[in-house]
Amino acid sequence: MSNTPYVNNMAGQTRGVKELVALAGAHPLAPDCDRFYFLRHGQTPRNALRIFQGYDEPLSELGLEQAALAATVLAGEPIRTIVTSDARRAFDTAHAVAAPHGLSPIAREVLRERNFGRLVGTSSADLDWTCAPEGGETLEQFVLRTREALAEALAEPAPVLVVAHGGTLYVLAALLGVPIDVGVLGNAQALCFSRQGPIWRVQALQAAGDPAQAAIA
């Protein structure tokens with residue numbers, strides 16, 4: 001599937017998306033499973049302020065409510081394994097969602113959001129994925145790390161739920177060649193990825209949140 005619709009839908013959100021798609025397209029992902037779930041973490045205070053955040057940023061009160069809603073939405077899904085970023089915002093979201101299933105999330109550092117180095121604590125309103133922040137990861141390093149982390153996560157007993165970050169979702173969609181609309185970028189928006197033959201699609205399992213509160217990094 002062409003990545004063109006993906007670029008068209010996402011390019012208005014951040015700069016450098018075409019470069020991200022090109023990098024991911026050079027290393028496509030081909031999971032053995034036919035279906036899996038993805039959940040971005042709930043909102044954090046710095047999401048709301050559009051500020052680059054570190055791995056220890058907690059959920060806001062709204063983020064906790066979003067995680068609880070996602071847990072309700074996913075409670076009836078046949079999830080067998082939950083793999084999460086160990087960043088606090090994702091880790092706490094994963095545990096909220098895991099409770100109805102009686103599962104213990106598997107936390108992995110390699111699923112963290114991109115390390116933006118010296119940019120942490122500054123405005124992310126004009127995010128450019130092609131930046132090379134001092135003390136952080138390049139775009140290529142982030143894409144390759146995330147690809148490896150997702151491949152490992154999706155090799156766990158299926159169906160798998162991956163709980164991670166907005167940047168992870170960008171890379172995941174590009175790796176699978178999935179056209180993805182901004183409506184599925186909201187915090188704690190439960191998504192189901194499914195495959196028919198070689199074609200992957202994504203479906204939102206709940207109504208979209210406020211796009212204005214869906215700052216990526």
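Description of the structure in this document. Note that this is a predicted model, so its numbers are computed, not measured.

### Topic: the overall build of the protein chain
Scanning the protein chain from N- to C-terminus turns up 7 helices and 6 strands. Listed by position from the N terminus, the elements making up the protein chain come as α-α-β-α-α-β-α-β-α-β-α-β-β. The 217 residues of the protein chain split such that 49% are buried. Looking at the protein chain alone, contacts between residues at least 24 apart form 72% of all its contacts between residues at least 6 apart. Working note: accessible area of the protein chain is about 9200 Å², and carbon and sulfur atoms make up 50% of it.

### Some words on helix 2 (residues 17-25)
Among all positions in helix 2, only V17, L20, V21 and A24 are buried. For helix 2, the angular spread of the buried residues around the axis is 95 degrees, confining them to a single face. Of the exposed residues in helix 2, those oriented more than 90 degrees away from the buried face are K18 and A22.

### What about the pairing of strand 6 (residues 199-204)?
Strand direction decides the pairing type here: strand 5 (residues 190-196) and strand 6, joined by 6 bridges, are antiparallel. Note on strand 6: the bridge partner recorded for L191 is A204. In this antiparallel pair of consecutive strands, strand 5 and strand 6, the connection spans 2 residues, and G197 shows a positive phi of 65 degrees.

### As for the packing of aromatic side chains
For the coordinates displayed, the defined rule picks out 6 aromatic pairs. Ring centres of F36 and F193 lie 4.9 Å apart, and the angle between their planes is 5 degrees; this geometry places the pair in the stacked category. Taken together, the positions of F36 in strand 1 (residues 35-40) and F193 in strand 5 put the pair 157 residues apart, joining distant regions of the chain. Classification of F193 as buried rests on a relative accessible area of 0%. Note on F36 and W200: the rings are 5.4 Å apart at their centroids and 55 degrees apart in plane angle, and the pair reads as tilted. Taken together, the residues F36 in strand 1 and W200 in strand 6 connect sequence positions 164 residues apart. A connected cluster of aromatic rings, assembled from ring pairs, spans F52, F116, W129, F142 and Y170. Positioned above the aromatic ring of Y55, the side-chain terminus of R112 is 4.2 Å from the ring centre.

### Looking at the pattern of salt bridges
Considering all chains together, one arrives at 9 salt bridges under this definition. In this structure, the salt-bridge partner of D86 is R112, at a minimum N-O distance of 2.6 Å. Of this pair, D86 sits in the loop between strand 2 (81-85) and helix 5 (88-98) while R112 is found in the loop between strand 3 (106-108) and helix 6 (139-153), placing the two residues 26 residues apart along the sequence. A salt bridge links R108 to E156; its shortest N-O distance comes to 2.6 Å. With R108 in strand 3 and E156 in the loop between helix 6 and strand 4 (160-164), this pair connects stretches of sequence that are 48 residues apart. On the basis of relative accessibility, which here comes to 17%, the residue R108 falls in the buried class. Judged by its relative accessible area of 22%, E156 is partly exposed.

### Looking at the nonpolar core
In terms of nonpolar packing, the biggest core is built from 39 residues, with W129, V162 and F193 touching the most fellow members. Elements with a contribution of two residues or more to this core: helix 2, strand 1, helix 6, strand 4, helix 7 (166-176) and strand 5. In terms of residue count, the dominant contributor to this core is helix 7 (8 residues). Filtering out sequence-adjacent residues up to four positions away, F193 remains in contact with D34, R35, F36, F38, L169, L172, L176, V178, W200, R201 and V202. Membership of the second largest hydrophobic core comes to 16 residues, among which are A70, A94, V163 and C192.

### Overview of the sheet that holds strand 6
With mixed pairing, the 6 strands of this open sheet are ordered in space as 3-2-4-1-5-6. Strands with a single pairing partner mark the edges of an open sheet, and in this sheet they are strand 3 and strand 6. Sheet twist, expressed as the mean angle between neighbouring strand axes with direction ignored, is 25 degrees. When strand 2 meets strand 3, the two strands line up parallel, connected through 3 bridges. Bridge pairing in strand 3 links T84 to A107.

About the cut-offs
Residues numbered from 1 in each chain as written. Predicted model: local features only at pLDDT ≥ 70, side-chain atom pairs only at ≥ 80, totals over all residues. Heavy atoms only, no water. Helix = DSSP H or I, 4+ residues; strand = E, 2+ residues; numbered from the N terminus. Buried < 20%, exposed > 50% of the residue type's maximum accessible area, 1.4 Å probe, protein only. Contact = heavy atoms within 4.5 Å. Areas by Shrake-Rupley, 256 points an atom, 1.4 Å probe, with all protein chains shown as cover. Arc of directions from axis to C-beta. Pairing = 2+ DSSP bridges. Phe/Tyr/Trp six-rings, centres within 6.5 Å; stacked < 30°, edge-to-face > 60°. Lys NZ or Arg CZ within 6 Å of the ring centre and 35° of its normal. Salt bridge = Lys/Arg side-chain N within 4 Å of Asp/Glu carboxyl O. Core = buried A, V, L, I, M, F, W, Y, C linked by side-chain atoms within 4.5 Å. Axes fitted to C-alpha atoms, helices over the stretch in contact; angles between N-to-C directions.

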